[in-house]
Amino acid sequence: MSVKTEEVIKLKDLPKGDARCPGAPSTQDIIAADTVKAPGWVCSESYQFLGDEDIPTDRYTDPAYAKRELDTLWKKTWQFACREEHIEEVGDYYVYDLGHYSFIITRVAENEIRAYYNACLHRGTKLRASGTDGNAEEFKCSFHGWSWNLDGTHKSTTCDWDFPHVDSKKFSLPQARVARLGGFVFINMDPAAPSLEDYLGPEALSHIRAWKLEDRYVYLHVSKRIPANWKLTIEAFMEAYHVIETHPQVAPSNGDANSQYDIYGEHVDRFISTLGVVSPHLYGQVSEQDILNQFTLGDSSALGDTKFTLKDGGTARSVMAEMFRGMFEKANNTDLSKVSDSELLDCFSYTVFPNTFLFPGISLPMVYRFRPDRHDHRKCLYEVLFLRPVPVDGKRPVPAMPLHLEDHQSFTEAAGMDPGFGAILDQDTENLILQQEGVEASAKKGLTLGNYQEIRVRHFNRALDKYVGKSSG
């Protein structure tokens, strides 16, 4: 019996959830060896075992479950609607849609943002079309001309003599709640919901505030419709377990099987996947120079055509950290001298339930957002936003306009998308149609999850159960 086999047998005897990849250093071991040390939010750990029962598959296939989500989950949770830079000036607005819900997010004063339900109070016409933004002094219905002031108060009624029963003072546009954090604008339709701060919890909130994401801007915004339920799609990005099979080209420089998984309260979880180190699946097969050559970025456009060479006695990870620091500083006109090696290199993925991923690192400076397709519960809209640091001169670039890919297009076709990362997104999303169809075809009516590497999927489904209720299985 091999030493590795003996170790695996011993791991099976551990309490559920305690097993980790045998023979591999932990994420924290890797980060502790870095030259520029990581801050506390990077070094924290917060895993807990949440059970090992199957996840019922009807929540991905049943249209009745999708309807319950719209009536419960989406009405009671905090959702990322836009960035503050999208509505920088008073009068700027941005339309955010979720299923049949629609909101006009607008800046009504320098330090006040509101979210109006996007419907005329006369006969219901949308006051602004979906997918639009701009600047307005009023919100006027294109059908009959009723109008509302920027502050939501009723301004005018065409032929008001015919509406003596309409009290203008009581005819203001209804509002959803608004909260701001890290440059993001969140909305919530439930007046009784906890504050955004309480919703996130103190530990996750402290992490988000430490990132200073308000000091970044949207460099690239790409969206595409995915032929799978929004929950299957979001779950596909919650673990690094799939990397060795789905993304074999990045395995030489991705510590996938020794990634760290954490949960923070009911609504936030994360993984840390170290980059610049070899996958445990490939131990003994890859040199440090191979790692350097295969390193994949989410935004390598900042590095140009630079080629990297390993210094004598150096590791790929230390060389990449040193070079990235200087190159990203030059490319973005920003100061990264106090940023740790881990923040420069590693993939930090935080899920804010229900549908937002925040990636606060420098090499993968992204936001993901997932929304159900209004007309088909078996499809969803997937968005990727890249956030670059605001230049040191303080001049904030105009946020990138959304670029929507057609169903047949590759992510590599999006102008500004790093080709290597676009190929990774294609690999992720190409699996999803097979999973959607497989879940529907399967005789097994549940998904079986790993206790550690897929804990974020289980955590996500526990939150679903809280808001929507358990499905039948």
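Residues numbered from 1 in each chain as written. Predicted model: local features only at pLDDT ≥ 70, side-chain atom pairs only at ≥ 80, totals over all residues. Heavy atoms only, no water.

**Student:** Describe the pairing of strand S10 (residues 175-181), with residues and values.
**Tutor:** On a regular strand, one side chain projects to one face of the sheet and the next to the other, so that they alternate. Here two bridges tie strand S5 (residues 112-117) to S10, and the two strands are oriented antiparallel to one another. Following the sheet pairing, Tyr116 is matched in S10 by Gln175. Of the pairings in the sheet, the one linking S10 to strand S11 (residues 184-188) comprises five bridges and is antiparallel in character. When the sheet's bridge partners are listed, Arg180 is paired in S11 with Val185. Taking the residues that link successive antiparallel strands as the turn, the S10-S11 hairpin has two residues, and the phi of Gly182 there is positive, at about 60 degrees. (Pairing = 2+ DSSP bridges. Helix = DSSP H or I, 4+ residues; strand = E, 2+ residues; numbered from the N terminus.)

**Student:** Quick one: what's the story with the packing of aromatic side chains, residue by residue and with numbers?
**Tutor:** Taken as a whole and assessed by the stated rule, the structure comprises 31 aromatic pairs. Between Phe386 and Phe421, the aromatic rings sit 5.9 Å apart at their centres with planes inclined by 80 degrees, giving edge-to-face as the arrangement. Residue Phe386 is located in strand S18 (residues 380-389), and its partner Phe421 is located in helix H14 (residues 419-441); the two are separated by 35 residues in the primary sequence. For the pair formed by Phe386 and Phe421, the shared burial category is buried. Pairwise contacts between aromatic rings join Phe237, Phe357, Phe359, Tyr368, Phe370, Tyr382 and Phe411 into one cluster. The side chain of Arg83 reaches across the aromatic face of Phe184, ending 4.5 Å from its centre. Here Arg369 stacks its cationic end above the ring of Phe80, 4.6 Å away from the centre of that ring. (Phe/Tyr/Trp six-rings, centres within 6.5 Å; stacked < 30°, edge-to-face > 60°. Buried < 20%, exposed > 50% of the residue type's maximum accessible area, 1.4 Å probe, protein only. Lys NZ or Arg CZ within 6 Å of the ring centre and 35° of its normal.)

**Student:** So what's going on with the sheet that holds S18? Residues and values would help.
**Tutor:** The strand order across the open sheet built from eight strands is S13-S14-S15-S16-S17-S18-S12-S19, with neighbouring strands paired in mixed fashion. Strands with a single pairing partner mark the edges of an open sheet, and in this sheet they are strand S13 (260-264) and strand S19 (403-405). Neighbour-to-neighbour, the strand axes of this sheet turn through a mean angle of 20 degrees, independent of strand direction. When S13 meets strand S14 (residues 268-273), the two strands line up antiparallel, connected through five bridges. The residue of S14 that forms the bridge with Asp262 is Arg270. Contacts from H14 reach strand S12 (216-226), strand S17 (366-372) and S18 within the one sheet, and its direction differs from that of S18 by about 160 degrees. (Axes fitted to C-alpha atoms, helices over the stretch in contact; angles between N-to-C directions. Contact = heavy atoms within 4.5 Å.)

**Student:** Requested: an account of the pairing of S5, with residues and values cited.
**Tutor:** Inspection of the sheet shows strand S4 (residues 101-109) paired to S5 by six bridges, in the antiparallel sense. By the bridge assignment, Ala109 is partnered in S5 with Glu112. Hairpin remark: S4 followed by S5, antiparallel, with two residues in the connecting loop.

**Student:** Report on the sheet that holds strand S9 (residues 154-156), specifying residues and quantitative values.
**Tutor:** The strand order S7-S8-S9 describes an open sheet built from three strands, whose pairing is antiparallel. Each having just a single partner strand, strand S7 (138-140) and S9 make up the two edges of the open sheet. Taken over all neighbouring pairs, the strand axes of this sheet differ in orientation by 30 degrees on average, direction set aside.

**Student:** Just give me the short version of the nonpolar core, but keep the residues and values in it.
**Tutor:** Ranked by internal contacts, the top residues of the largest apolar core, which has 100 residues, are Ile105, Leu200, Tyr368, Tyr382, Met417, Phe421 and Leu425. No other element matches helix H15 (residues 455-468), which puts seven residues into this core. When near neighbours in sequence (up to four residues on either side) are disregarded, Leu425 contacts Phe237, Tyr368, Tyr382, Val384, Phe411 and Met417. In terms of nonpolar packing, the next biggest core, distinct from the first, is built from 17 residues, Tyr93, Ile104, Tyr116 and Phe139 among them. (Core = buried A, V, L, I, M, F, W, Y, C linked by side-chain atoms within 4.5 Å.)

**Student:** So what's going on with the state of the cysteines? Residues and values would help.
**Tutor:** Taken as a whole and assessed by the stated rule, the structure comprises zero disulfides. The thiol of Cys43 is not disulfide-bonded; the next cysteine sulfur, from Cys347, is found 17 Å away. According to the relative accessible area criterion, Cys43 is partly exposed, its value standing at 37%. Cys347 provides the cysteine sulfur closest to Cys380, a residue in no disulfide bond, and the two sulfurs are 19 Å apart. (Disulfide = S-S within 2.5 Å.)

**Student:** Describe the layout of surface pockets, and please don't skip the residues or the numbers.
**Tutor:** Regions of empty space are outlined by a rolling probe, equal in size to a water molecule, passed over the atoms. The calculated volume of the largest pocket comes to roughly 970 Å³. Lining the largest pocket are 40 residues, and of these Ala19, Arg20, Cys21, Pro22 and Gln453 sit closest to its centre. Listed by contribution, the elements that provide at least two residues to the lining of the largest pocket are helix H1 (3-12), helix H2 (27-32) and S13. For the lining of the largest pocket, the element with the most residues is H1, which contributes five residues. Classifying every residue of the lining of the largest pocket by side-chain character gives 16 nonpolar, 14 polar and ten charged. Put simply, the second largest pocket is a space of about 630 Å³. (1 Å grid on protein atoms, 1.4 Å probe; cavity = no way out; pocket = protein on both sides within 12 Å on 5 of 7 lines; lining within 4 Å. Points joined across faces, edges and corners; volume = space filled by probe spheres on them. Nonpolar A, V, L, I, M, F, W, Y, C, P; charged D, E, K, R; others polar.)

**Student:** Could you give an account of the environment of Glu197, naming the residues involved and the relevant values?
**Tutor:** Along the polypeptide, Glu197 turns up in helix H7 (residues 196-200). Sequence spacing of Glu197 and Ala179 is 18 residues, and the spatial spacing of their C-alpha atoms is 9.0 Å. Sequence-distant contacts of Glu197, defined by excluding residues within four places in its chain, comprise Leu205 and Arg209.

**Student:** Explain the pattern of salt bridges residue by residue, including any values.
**Tutor:** Under the definition given, this model contains 24 salt bridges. Across the salt bridge formed by Asp54 and Lys444, the nearest N and O atoms sit 3.3 Å from each other. Pair noted here: Asp54 is in the loop between helix H3 (40-43) and strand S1 (55-56) and Lys444 is in the loop between H14 and strand S20 (446-447), with a separation of 390 residues, a long-range link. Note that Glu266 is salt-bridged to Lys466, the shortest N-O span being 2.7 Å. With Glu266 in the loop between S13 and S14 and Lys466 in helix H15, this residue pair connects regions lying 200 residues apart in the sequence. Of the residues examined, Glu266 reaches a relative accessible area of 47% and is grouped as partly exposed. Residues participating in the shared-partner salt-bridge network are Asp34, Arg317 and Asp346. (Salt bridge = Lys/Arg side-chain N within 4 Å of Asp/Glu carboxyl O.)

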